[in-house]
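A look at the structure
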Amino acid sequence: MISRTPNGVKFLVDMRSNILDLLSTPLSQNEAEPLKHLNISLRGLLAHWFSTGLLNLQRITWQTSCDMLQKVSEYEAVHPVKNWLDLKNRVGAYRRCFVFTHNSMPTEPVVLLHTALTSDICSKIQSIVERTEGGDTLLDREDVNRINAAIFYSVTSTQRGLQGIDLGNYLIKTVVQKLRAEFPNMNVFSSLSPIPGFRDWLLQEMNNTIRGSTEELFLKEEQNSLQPLLNCKSADFTAEMKQVIQSNTWNKSETLNAALKLPLTRLCAR
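Position numbers for residues count from 1 along each chain, tracking the sequence in the order it is written. Given that this is a predicted model, residues contribute local features only at a pLDDT of at least 70 and side-chain atom pairs are listed and counted only at 80 or more, while totals for whole chains, interfaces and linings are drawn from all residues. Excluded from the side-chain calculations are hydrogens and water; all other atoms, namely the structure's heavy atoms, are used.

Numbered from the N terminus, helices here are DSSP runs of H or I no shorter than four residues, and strands are runs of E no shorter than two. Within the protein chain one finds ten helices and five strands. The C-alpha extent of the protein chain, read off along each of the three principal axes, is 70 × 60 × 30 Å. The classification of residues rests on relative accessible area computed with a 1.4 Å probe and restricted to protein chains. Under 20% of the type maximum is buried, over 50% is exposed, and intermediate values are partly exposed. Residues classed as buried in the protein chain amount to 42% of the 270 residues present. Across the protein chain, the fraction of contacts at a sequence separation of at least 24, relative to all contacts at a separation of at least 6, is 71%. Just so you know, the count uses Lys and Arg for positive and Asp and Glu for negative, and it drops His and the chain ends. A single reference atom marks each charge: NZ on Lys, CZ on Arg, CG on Asp, CD on Glu. Charged side chains in the protein chain number 29 positive and 27 negative. The centres of these two groups are separated by 3 Å. Contacts: residue pairs with any heavy atoms within 4.5 Å of one another.

A cavity here means a set of points on a 1 Å grid, drawn over the protein atoms and nothing else, where a 1.4 Å probe fits but cannot get out; a pocket is an open set with protein on both sides within 12 Å along at least five of seven lines, and a residue lines either one if it has an atom within 4 Å of a point. Grid points are joined across faces, edges and corners, and a volume is the space filled by probe spheres set on the points. Of the voids in this model, the largest pocket is the one considered here, and its volume is about 1,400 Å³. In terms of lining, the largest pocket is formed by 34 residues, of which the most central are Ile125, Gln126, Pro194, Trp250 and Asn251. Elements with a contribution of two residues or more to the lining of the largest pocket: helix 4 (84-90), helix 5 (126-129), helix 7 (198-211) and helix 10 (254-268). Ranked by residues supplied to the lining of the largest pocket, first place goes to helix 10 with eight residues.

Turning our attention to the packing of helix 7 against helix 9 (residues 237-247). For the pair helix 7 and helix 9, the least separation of the axes is 10 Å and the interaxial angle reads 160 degrees. Taken together, helix 7 and helix 9 sit at an angle that is classed as roughly antiparallel. Crossing of helix 7 against helix 9: the hand is left-handed. Here Arg199, Leu202, Leu203, Met206, Asn207, Thr209 and Ile210 of helix 7 lie close against helix 9, whose contacting residues are Thr238, Ala239, Met241, Lys242, Ile245 and Gln246. In this description, a line fitted to the C-alpha atoms serves as the axis of each element, helices being fitted only across the stretch in contact, and the angle between N-to-C directions of two axes falls anywhere from 0 to 180 degrees. Put simply, angles under 35 degrees are roughly parallel, angles over 145 are roughly antiparallel, angles from 65 to 115 are roughly perpendicular, and the rest are oblique. Note on convention: the crossing is left-handed when the near helix lies turned anticlockwise from the far helix by less than a right angle, right-handed when the turn is clockwise.

Moving on, we come to the environment of Cys268. Inspection of the secondary structure puts Cys268 in helix 10. For the pair formed by Cys268 and Phe198, sequence separation is 70 residues and the distance between their alpha carbons is 6.8 Å. With sequence-adjacent residues up to four places away left out, Cys268 is seen in contact with Ile195 and Phe198.

Here we come to helix 7. Look at helix 7: 20 Å from first C-alpha to last across 14 residues, which is about the 20 Å you get at 1.5 Å a residue. Within helix 7, the full set of buried residues consists of Phe198, Leu202, Leu203, Glu205, Met206, Asn208 and Thr209. Where helix 7 ends, the next residue or the one after it, Gly212, has phi of about 85 degrees, a positive value. To estimate the expected span of a helix, subtract one from its residue number and multiply by 1.5 Å.

All chains considered together, the criterion is met by one cavity of 30 Å³ or more. Each pocket or cavity is described by its volume, and for the largest cavity that value is around 30 Å³. As for the largest cavity, its lining consists of Asp86, Asn89, Arg90, Arg95, Ile128, Val129 and Tyr153. Among the elements of the structure, helix 4 and helix 5 are those that each provide at least two residues to the lining of the largest cavity. With three residues, the top contributor of residues to the lining of the largest cavity is helix 4. Side-chain classes follow a simple rule in which Ala, Val, Leu, Ile, Met, Phe, Trp, Tyr, Cys and Pro form the nonpolar group, Asp, Glu, Lys and Arg form the charged group, and the remainder, Gly included, forms the polar group. For the lining of the largest cavity, a count of residues per class yields three nonpolar, one polar and three charged.

Right under this line is the structure:
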């Protein structure tokens, strides 16, 4: 059986990845139809082989093999790892990194999850990815009395050939049970994820407002509270706000950050 053949399952995962790449290119109907049928068949096989009972949970620490650490670093897609020090931080104190592996691909993480252990839900991702709990770098020991919440801030599916097979959701549920066993008093579990496309949409709408083709995005009372912080006139508000969003300078000011929280939340919900 191919599932028992060395690298057999990995071969099929890579094959489906290649098929998905081909299907994303312009093809005639005669070329596309057999590839679509093959893709559906492979997806069904892989969904069976990568079902929940056949996956192995592994915690990644600084003592994990260099090969696996390297792959965790390379595969991280949500918040790219900057260097080895950054990686050491992400698998160290007040952090948990878990992966699912498969018996047929034991050295390949098929999905990985980064988790921060905190006292409460964090309001912004920077407090997680830029420093450890308490603001110190690379704390060696954890104070369990300071750990009440688990923040799942990054989940990455590493194999394109497994696209459409929901492994990330099951990994999170499995890790919740693992953390509850390790920290019996932990009762807060939350995800902290980026909102794909929101920034691009916001900048595009601002461009439309500047050209006069759409109405103002920000309410009058929102503009009145933000203008003093931007140090601009009413007529220049949208252009100044666009510059602030585009350059990410708003996130470096606690005052501006707080003032933008409600307007950006309102716009995100549109």
